[in-house]
Amino acid sequence: EKRSMANNLQKLIYNLSVASPLCFTFAILWYIQKQTLIVPALCVCLASFFMLCFACSFWYAKKHVAPIMIQVTDISPKDGHMAAYVISYLLPFASMAIDDFDITVCGIIAAALIAIILFANSVTPNPLLFLRKYHFYEISAENGVSGYLLICKRDLRNAKHITTVKRVFEFLLIDSEG
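Residues numbered from 1 in each chain as written. Predicted model: local features only at pLDDT ≥ 70, side-chain atom pairs only at ≥ 80, totals over all residues. Heavy atoms only, no water.

A closer look at the pairing of strand β3 (residues 135–141)
Here comes step 1: For β3, the tally of buried residues reaches six of seven residues, placing the bulk of the element in the interior.
Here comes step 2: Across five bridges, the pairing between strand β2 (residues 72–77) and β3 is antiparallel. Across the sheet, the residue bridging to Ser 76 is Glu 138, located in β3.
Here comes step 3: Relative to strand β4 (residues 146–152), β3 runs antiparallel, the two sharing six bridges. Of the residues in β4, the one forming a bridge with Glu 138 is Leu 149.
Here comes step 4: Linking two consecutive strands that pair antiparallel, namely β3 and β4, is a turn of four residues; a positive phi of about 95° is found at Gly 144 within it. (Buried < 20%, exposed > 50% of the residue type's maximum accessible area, 1.4 Å probe, protein only. Helix = DSSP H or I, 4+ residues; strand = E, 2+ residues; numbered from the N terminus. Pairing = 2+ DSSP bridges.)

Structure (structure tokens):
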């Protein structure tokens, strides 16, 4: 149970950090439309906090999680998700009218998203890691499980080039070889 709680905390931190660019976008948008600094400052602090938690958690996982052997049967690149992130999330969010903003509705949506994040067995590529020149691959393992997201600094072309990984949480792996 302790490991499950740690996995859920890692998953929550990872997914909240994915929202950091949205917080920064909202801060800029609010400042442009409202010309006030309190809400943008809170958004920037929140995004910075998410990023700091993620940086610490990712560093910890890279340094302290034990590598495990894996036999990968299939690999496909997932870097293209970054363009979809910008088009699907940032652009519509940036065009939002602040006057239509409802904190109660946003709070309910945020709570629902956090609940989904904790119970869903899927992971999206993180734009913060993409900016640090990491690549994302969806892999399938010999054990029959598919849908793992592998974070890697290397450009991979062959599934056989992946032999050891570090499991951050369910379905999120870090390449331990590069």
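As for the pattern of salt bridges
Here comes step 1: Scanning all chains against the criterion turns up three salt bridges.
Here comes step 2: Linking Lys 78 and Glu 138 is a salt bridge whose minimum nitrogen-to-oxygen distance equals 3.6 Å. With Lys 78 in the loop between β2 and α4 (81–94) and Glu 138 in strand β3, the pair connects residues that are 60 residues apart, well separated along the chain.
Here comes step 3: Using a relative accessible area of 30% as the deciding quantity, one classes Lys 78 as partly exposed.
Here comes step 4: On the basis of relative accessibility, which here comes to 31%, the residue Glu 138 falls in the partly exposed class. (Salt bridge = Lys/Arg side-chain N within 4 Å of Asp/Glu carboxyl O.)

These values are about where atoms sit, not about what they do.
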